[in-house]
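Close look at the chain arrangement
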Amino acid sequence: MEYIYPDDAHRQAGIPVQGRSWKDAVYPEEDLSRLIFENCQFENVVFERTNLRRTLFANCRFDRCEFRDCWMAELIFSECDGAGVRITGCEFSKVVIANARWDRLAIEQSGENCAITEGSFGRIDFNGDGAVQQSLTLSNLNLERLNGENAHWTDATAVNLELAKCNLAGAHLTRASLIEARGAELDLTGLRLESCNLFRSDFAGSRLRSAPGSIFAECNIEKADFSAAELEGALFVEVRGAGARFDKARLDNAMFPKAELREASFRDAKAHTSVWNEADLGDAQLQGLDAFRASFRNASLEGADVTGASLVSADLHGVEQTLDGADTRDARGTLDWRAEMEKKSRVP
């Protein structure tokens, strides 16, 4: 870049710019769109108001570089390394950072459909306007620290994210998919998860306070603390939740089918029209649970304390325990014909 950039032939012919170096310079108003840079080095370089649409950087080194007020759409960084880059004030859309090895990546610009995958980072910072991301993807990252304080991420996807290395205090994630996230023994009370998919994540021993409409399918929530949490419409299908606490939680329309909830506590929780079909609530603490019109079909409540629980108009088909101390007015008990059909369906 002896700039303004003379190598337009590279763009026209699709020939990579290879093995070149640039250092200690500011390059404004350049058009680098659709160019390929391969095995190049950039040190203390500022790209300012530069067109980088559909540009590819492959196996390049970036040391303390900055992209300022640039057009970064469908830009790809592949197998790049170095001290890292800062992105601020840019158009930031469909950018892919794959297999990067950077000490720091600072994103200070809101973005859409961007992906950071398979890389190794000392630190990733979503600061300022960068806290707002639409359809962000974070996949299989090896990182020392991710800062997403007060982040607002919508439709984001993260795979194998180690939450202990993330600062998400005050963050609000909407319709995010945190697949197999690792979040055991953490205080996540400052994180709001709204309609998120947390499939097979580990929150054992952690504290969460807000996850309405979220999916905890096959998660480990053993001894997790959801006390007074907002969990309306949440799905806890086949969770491992022995010893979990849901005291005073808001669980209207929540679902716990086939959940393992032995010795869990739901004292004074509100769970209207909730579903507990085939759940194991053995020795659970259900004192004061308000489960009006809930369904407990074929659930096990052996040894559960239901003193003061409201099971008014609940579906108790297949529940074999006597439920002494609970209010079971208008509840529907076991139907013999249905029980017989279910028994036959289980015969191999």
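This text follows the structure it describes.
Being a predicted model, the structure only gives us computed values, none of them experimental.

Here is what the cut-offs are and how they apply
- Residues numbered from 1 in each chain as written.
- Predicted model: local features only at pLDDT ≥ 70, side-chain atom pairs only at ≥ 80, totals over all residues.
- Heavy atoms only, no water.
- Helix = DSSP H or I, 4+ residues; strand = E, 2+ residues; numbered from the N terminus.
- Rg over C-alpha atoms; globule rule 2.2 N^0.38 Å.
- Buried < 20%, exposed > 50% of the residue type's maximum accessible area, 1.4 Å probe, protein only.
- Areas by Shrake-Rupley, 256 points an atom, 1.4 Å probe, with all protein chains shown as cover.
- Lys, Arg positive; Asp, Glu negative; His and termini not counted.
- Charge placed at Lys NZ, Arg CZ, Asp CG, Glu CD.
- Salt bridge = Lys/Arg side-chain N within 4 Å of Asp/Glu carboxyl O.
- Pairing = 2+ DSSP bridges.
- Phe/Tyr/Trp six-rings, centres within 6.5 Å; stacked < 30°, edge-to-face > 60°.
- Core = buried A, V, L, I, M, F, W, Y, C linked by side-chain atoms within 4.5 Å.
- Contact = heavy atoms within 4.5 Å.

This part is about the overall build of the protein chain. The number of helices and strands found in the protein chain is two helices and 28 strands. Taking 348 residues into account, the globule formula puts the C-alpha radius of gyration at 20 Å, and the protein chain, at 27 Å, lies well above it. Its C-alpha atoms give the protein chain principal-axis dimensions of about 85 × 40 × 25 Å. Across the 348 residues in the protein chain, those meeting the buried criterion constitute 51%. On the protein chain, roughly 15,300 Å² of surface is accessible, and the fraction owed to carbon and sulfur atoms is 43%. The centroid of the 40 positive side-chain charges in the protein chain is displaced by 1 Å from the centroid of its 57 negative side-chain charges.

In this structure the tally under the stated criterion is 29 salt bridges. The partner of arginine 175 in a salt bridge is aspartate 155, and the shortest N-O contact between them spans 2.9 Å. Highlighted residues: arginine 175 in the loop between strand E24 (172-174) and strand E25 (177-179) and aspartate 155 in the loop between strand E21 (152-154) and strand E22 (157-159), separated in sequence by 20 residues. Looking at arginine 175, the relative accessible area reads 45%, which means it is partly exposed. In this structure, lysine 165 engages glutamate 162 in a salt bridge whose closest nitrogen and oxygen atoms are separated by 3.8 Å. Accessibility expressed as a relative area gives 28% for lysine 165, which makes it partly exposed. Classification of glutamate 162 as partly exposed rests on a relative accessible area of 29%. One salt-bridge network, in which partners are shared between bridges, spans Glu29, Glu48, Arg49, Glu66, Arg68, Arg86 and Glu108.

So, about the sheet that holds strand E9 (residues 76-78). As summarised here, the arrangement of the nine strands in space is E1-E3-E5-E9-E12-E15-E18-E22-E25, forming an open sheet in which the pairing is parallel. One side of each edge strand has no neighbouring strand; the edge strands of this open sheet are strand E1 (17-18) and E25. Two elements, E22 and E25, share three bridges in a ladder whose sense is parallel. Residue pairing for E25: valine 159 is matched across the bridge by isoleucine 179.

For the structure on display, the rule yields 30 aromatic pairs. These aromatic residues form a ring-pair network of at least three members: Trp22, Phe37, Phe42, Phe47, Phe57, Phe62, Phe67, Phe77, Trp102 and Phe121.

The pairing of strand E2 (residues 21-28) with strand E4 (residues 41-48) spans seven bridges and is classified as parallel. Counted as the bridge partner of valine 26 is valine 46 from E4. With three bridges connecting them, E4 and strand E6 (residues 61-63) associate as parallel partners. Paired with phenylalanine 42 across the two strands is phenylalanine 62, which belongs to E6.

Moving on, we get to the pairing of strand E13 (residues 101-108). Sheet topology places strand E10 (residues 81-88) next to E13; seven bridges connect them, and they run parallel. What sits directly across from glycine 84, in E13, is arginine 104. Sheet topology note: the E13/strand E16 (residues 120-126) ladder contains six bridges and is parallel. By the bridge assignment, tryptophan 102 is partnered in E16 with phenylalanine 121.

Turning next to the nonpolar core. Side chains that are nonpolar tend, in soluble globular proteins, to be buried together. Formed by 106 residues in total, the largest nonpolar core has its most connected members in Phe42, Phe62, Phe67, Phe77, Phe246, Phe266 and Phe296. Of all the secondary-structure elements, those providing two or more residues to this core are E2, E4, strand E7 (65-68), E10, E13 and E16. If sequence neighbours within four positions are ignored, phenylalanine 67 has contacts with Phe47, Leu52, Phe62, Met72, Phe77, Val85, Arg86, Ile87, Thr88 and Cys90.

Once that is clear, we can look at the environment of alanine 294. Relative to the elements of secondary structure, alanine 294 occurs in the loop between strand E28 (207-208) and helix H2 (336-345). Of the residues examined, alanine 294 reaches a relative accessible area of 1% and is grouped as buried. For alanine 294 and tryptophan 102, which are 192 residues apart along the polypeptide, the C-alpha to C-alpha distance reads 52 Å. Alanine 294 has contacts with Ala271, Thr273, Ser274, Trp276, Ala314 and Asp315, leaving out every residue within four places of it along the chain.

Moving on, we get to unusual backbone geometry. For asparagine 150, which is not glycine, the phi dihedral falls at a positive 60 degrees. The residue asparagine 150 is located in the loop between strand E20 (146-147) and E21 in this model. Asparagine 150 gets classed as partly exposed once you look at its relative accessible area, which sits at 45%. The phi dihedral of glutamate 238 falls on the positive side, at around 55 degrees, and the residue is not glycine. Topologically, glutamate 238 is positioned in the loop between E28 and H2. The partly exposed category is assigned to glutamate 238, whose relative accessible area is 41%.

This part covers the environment of alanine 171. Along the chain, alanine 171 turns up in the loop between strand E23 (166-167) and E24. Alanine 171 sits in the buried class, given a relative accessible area of 1%. For alanine 171 and glycine 241, which are 70 residues apart along the polypeptide, the C-alpha to C-alpha distance reads 25 Å.

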